[in-house]
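Next come the chains, spelled out residue by residue.
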Amino acid sequence: MPVVLALIVYYILNSLMSMEHDICYTTTGKLSRRLGSFERYFLAMAEGSNTCYINTVLLLESKVQLDQDHAKKALLMLLERFPLLRMRVTERSNQPCFEEMENAPQSLDFRRMENVDSENWLHAFEKQINGAPFNTQQGPLWRVSLLRETCDATGQEIVYKNTLLFTFHHVICDALSIFELKKKLVEFLGLLYNGEAIEIKSLPFRPPIERAMQQLTRPRIWERLLIPIVLTFRKLKAYIRAPKLENLYLLTFPPPSGHLVTQKTLAIPRDLSREETMALIR
């Protein structure tokens, strides 16, 4: 009976925890879920300032000019591919929640800085870092700036250089995700340049990381019940088991406690010849 009661309580608590972070849809059909503990921490740290933001730069070099319309289309494809790029932060039951923006494509914060060359991106990067804080309730939680294209003629080849400056709110992006975003952006730019048909499928909207790792960090109910039983069984087995011969080369077990070995102290010099060493062994 106590075991059955414990199972019932466990499943009730587990269901409540699952409901807390379950992904749902708003009345307008938009994705939504509550923020996890790490996400709430980053949100609080960035409140009213531009701290807890991730700033990064993408330097492109190619033999063809970059079509600015292609750059904007590729960014919109990123928006469609990755759900977190479409999120804003609202409140539900006094808890911060992700909620998909109503018009995510139209809210893309894409700027063209024609007054700064791509080779002088460091000056623009400082301005990007000190930009205005994100409006988390309105979104978006990321922005991109494209600098003026430059070209470098080396011999008969012309190399075009472009620079994209990114700023992400840490609540939607981490350092590892940036590499995946940049990789996908360059892939989209290549497909657009070649005129290939592109089908974009949105990735699933994932729960918080602590929810995904819950099964790894928290033992299941059967593990909690089984571990004490196994430990108790091992203790009982060790208590009732009679001593057995542990070493085949011992005639008796346990060995006698008498002083069968003569105590002797030898002074061994630091350097011994081969003959002296063999004499000690014998």
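Residues numbered from 1 in each chain as written. Predicted model: local features only at pLDDT ≥ 70, side-chain atom pairs only at ≥ 80, totals over all residues. Heavy atoms only, no water.

1. Overview of the pattern of salt bridges
Selection criterion: A side-chain nitrogen of Lys or Arg and a carboxyl oxygen of Asp or Glu constitute a salt bridge if their distance falls within 4 Å. Helix numbering and strand numbering both begin at the N terminus, where a helix is a DSSP run of H or I of at least 4 residues and a strand a DSSP run of E of at least 2.
Scanning all chains against the criterion turns up 10 salt bridges. Ionic pairing is found between Arg111 and Asp109, a salt bridge with its closest N-O pair at 2.9 Å. For Lys161, the salt bridge is made with Glu119, and the minimal N-O distance between the two is 3.6 Å. Taken together, the positions of Lys161 in strand E9 (residues 157–169) and Glu119 in the loop between strand E6 (110–117) and helix H4 (121–129) put the pair 42 residues apart, joining distant regions of the chain.

2. A closer look at unusual backbone geometry
Keep this limit in mind: When accessible area is computed with a 1.4 Å probe and restricted to protein chains, residues below 20% of their type maximum are described as buried, those above 50% as exposed, and intermediate ones as partly exposed.
That bond from Gly139 to Pro140 is cis: its omega, -5 degrees, falls within 30 degrees of zero. Checked against the element boundaries, Pro140 lands in the loop between H4 and strand E7 (142–148). Despite not being glycine, Ser93 shows a phi value in the positive range, around 55 degrees. Structurally, Ser93 can be placed in the loop between strand E4 (87–92) and strand E5 (95–100). If you check the backbone angles, Asn94 has positive phi at about 60 degrees while not being a glycine. Turning to its location among the elements, Asn94 is positioned in the loop between E4 and E5. The class of Asn94 is exposed, set by a relative accessible area of 70%.

3. A closer look at the packing of aromatic side chains
This is how it is decided: Working definition: a ring pair exists when centres of Phe, Tyr or Trp rings (six-membered ring for Trp) sit within 6.5 Å. Plane angles under 30 degrees give stacked, over 60 give edge-to-face, the rest tilted.
Within this structure, the stated rule accounts for 6 aromatic pairs. Taking the centre distance of 6.3 Å and the plane angle of 65 degrees together, the rings of Phe98 and Phe205 count as edge-to-face. A residue pair is termed long-range when its members are at least 10 positions apart, and Phe98 in strand E5 and Phe205 in the loop between helix H5 (175–193) and helix H6 (209–212) qualify at 107 residues. For the pair Phe98 and Phe205, a shared accessibility class is recorded, and that class is buried. Linked through ring pairs, Trp142, Phe166 and Phe168 together constitute an aromatic cluster.

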